[in-house]
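# Structural overview for review
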Amino acid sequence: KTLAEISSTGQIPYDKFCFVSEHGLKTTDTDLFTFKYSSKYGFADSNGNVIIAEQYDDVYLFSEGKAFAKLNNEWIIIDTKGNELCKIPTEYSKSLSTHENSGFKNGKAICAYTSIDSSNYYINILIINSDLSTSQTQIPTNAGLKYKIVNTPEFAGIITYNAYVEYDDSGIRNDKVAYRLFDLSGNKIWGTETLYETLAPKVEQFEYKKALAPNYSLGVLESLNIENGYMNIFDENFKWGLMNVETGEIVLNCNYDYVGAYSNGLCNVCSYGKWGFVDLNGSQAMAFNYKYTEKFVNEKALVIMEDNSFCVINKTGEIVFDCGIKFNHPSGTQCKYQIHTDLQEKGIIVIWNYYGDEYYLINIKSTLEAKQIIINNPTLFDDFEIYKGSM
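Notes on the structure in this doc start here.

### As for the overall build of the chain
Helix and strand counts for the chain stand at five helices and 32 strands. Taking all 391 residues of the chain together, 50% fall into the buried category. For the chain, the proportion of contacts with a sequence separation of at least 24, taken over those separated by at least 6, is 39%. Carbon and sulfur atoms make up 45% of the accessible area of the chain, which amounts to about 17500 Å² in all.

This is how it looks when you write it as structure tokens:
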């Protein structure tokens, strides 16, 4: 459909829809997508028909049939017809406004905020179940804390970060950072501390944003993830390994510059600036010959070759698909492109070229495919289907 055809039917023009956020393409499990018109948000279907009129100051995409929406300075939960299901306590508004919550997953949504009481600091957690029943808990913590909500099928909890100053017996100042993992009952599962001067130079050495390129310690918080029951962790020397979150057992020793995710029997890791794959025994599955690797999904993984080209390999290291994408930018630049994996479990990987503001989608399902998508091009209205991860 052309823009004129869409507009002539009274439907919302294609370019009013919000496809992309700073965090990349998002996925929804309904045929409802956000649009913004006259500074208000609403929802429409993939044909452009308005289902819920623009009335909200902010919204999340629908997940598990529900969405968070901000109306008259209050956050509420709505159903797919726009009916208000419940209100969110005011104290959790900041958490929702800063998008520290990612909606409903695995039958629940998690909101959180920090507070202080008589010089004691806390993370306050609200758990909202699918039936809208709720529970709350508090985790004692330190000042200046940042946190990340984790909500996976195997584990739900909070990963925290805080920086602090410590003086040794000689009066020498040490700037330190600490990371912790708590479950939703407040039990500490894992924790480590390191000197900032140990962490910072190693964070800066990575070229790709997915692999810690943000050259500040909060970027590490975003790179701690739990998948398939395992969490990538690091020790006081900022060497990375892998931990079983249920037992707390270190299953892959902290010997690497970075550890990604365990999937399909292998883990993507970085060692001495080169990327490859190992199993849980630390045995090398293939040579460390890549500039970057993603995890295996459907027995295939996206890799970046030494010449900056993107390819898909199988578990023997054989190239099964050349994506036809290769970025070359001036030397000395970081974050040349960002790899979004929001849709990876659906077999879709999104690549954003920072300098050209171009988006590419790589299909790593049974039918391998790579294509560039043009944002706000009315002739590509069917790209809503890509937005749902059904490429």
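Still more to cover.
### A look at unusual backbone geometry
Residues other than glycine seldom take positive phi values, yet N72 does so here, at roughly 55°. Residue classification places N72 among the exposed positions, given a relative accessible area of 63%. Phi at N264 is positive, roughly 55°, even though this residue is not glycine.

### Quick word on the packing of aromatic side chains
Applying the stated criterion across every chain yields a total of 16 aromatic pairs. Ring centres of F68 and F104 lie 6.0 Å apart, and the angle between their planes is 20°; on these two criteria the pair is classed as stacked. Note that F68 is positioned in strand β7 (residues 67-71) and F104 in the loop between α2 (93-97) and β10 (108-117), a separation of 36 residues in sequence. Residue F68 is classed as buried on the basis of its relative accessible area of 1%. You can call F104 buried: its relative accessible area is 2%. Consider the rings of Y230 and Y262, whose centres lie 5.1 Å apart with planes at 70°: the pair is edge-to-face. Of this pair, Y230 sits in strand β18 (residues 230-234) while Y262 sits in strand β21 (residues 258-263), and the two are 32 residues apart along the sequence. Here Y230 matches Y262 in class, with each residue buried. In textbook terms, an aromatic cluster arises when at least three aromatic residues are bridged by ring pairs, as seen for Y161, Y179, W190, F234, F238, W240, Y258, W275 and Y292.

### Quick notes on the sheet that holds strand β20 (residues 250-256)
Strand order in the open sheet formed by four strands is β17-β18-β19-β20, and the pairing between neighbours is antiparallel. Only two strands of the sheet have a single partner each, and these edge strands are β17 (226-227) and β20.

### Section: the sheet that holds strand β25 (residues 292-293)
The strand order β25-β26-β27-β28 describes an open sheet built from four strands, whose pairing is antiparallel. At either margin of the open sheet sits one strand with a lone partner, and together these are β25 and β28 (319-326). Relative to strand β26 (residues 300-304), β25 runs antiparallel, the two sharing two bridges. Its bridge partner being in β26, Y292 is matched across the sheet by I304.

### A closer look at the pairing of strand β13 (residues 145-151)
Counting buried positions along β13 yields six of seven residues, so the element is predominantly enclosed. Linkage of β13 to strand β14 (residues 156-167), two consecutive antiparallel strands, is achieved through a turn of four residues.

### Brief notes about the state of the cysteines
Scanning the model with the defined rule gives zero disulfides in all. C111 carries a free sulfur, and the closest cysteine sulfur to it, the one in C86, is 9.5 Å from it.

### Some details on empty space enclosed by the protein
The tally for this structure, following the rule as stated, stands at two cavities of 30 Å³ or more. Counted as a void, the second largest cavity has a volume near 30 Å³. Taken together, N225, I226, E227, Y230, M231, N232, L242, G260, A261 and Y262 make up the full set of residues lining the second largest cavity. Taken together, the elements giving at least two residues each to the lining of the second largest cavity come down to β17, β18 and β21.

### Some points on the nonpolar core
Core analysis: the biggest nonpolar cluster contains 60 residues, and Y179, L181, W190, M231, L302, F310 and I362 have the highest contact counts within it. With 13 residues, the next largest nonpolar core counts I125, I127, L145 and L184 among its residues.

### A short note on the pattern of salt bridges
Taken as a whole, this structure holds eleven salt bridges when the rule is applied. With a shortest N-O distance of 3.6 Å, E299 and K315 are connected by a salt bridge. With E299 in the loop between β25 and β26 and K315 in the loop between β27 (309-314) and β28, this residue pair connects regions lying 16 residues apart in the sequence. You can call E299 partly exposed: its relative accessible area is 41%. We classify K315 as partly exposed; its relative accessible area is 30%.

Reading the values: rules and limits
Residues numbered from 1 in each chain as written. Predicted model: local features only at pLDDT ≥ 70, side-chain atom pairs only at ≥ 80, totals over all residues. Heavy atoms only, no water. Helix = DSSP H or I, 4+ residues; strand = E, 2+ residues; numbered from the N terminus. Buried < 20%, exposed > 50% of the residue type's maximum accessible area, 1.4 Å probe, protein only. Contact = heavy atoms within 4.5 Å. Areas by Shrake-Rupley, 256 points an atom, 1.4 Å probe, with all protein chains shown as cover. Phe/Tyr/Trp six-rings, centres within 6.5 Å; stacked < 30°, edge-to-face > 60°. Pairing = 2+ DSSP bridges. Disulfide = S-S within 2.5 Å. 1 Å grid on protein atoms, 1.4 Å probe; cavity = no way out; pocket = protein on both sides within 12 Å on 5 of 7 lines; lining within 4 Å. Points joined across faces, edges and corners; volume = space filled by probe spheres on them. Core = buried A, V, L, I, M, F, W, Y, C linked by side-chain atoms within 4.5 Å. Salt bridge = Lys/Arg side-chain N within 4 Å of Asp/Glu carboxyl O.

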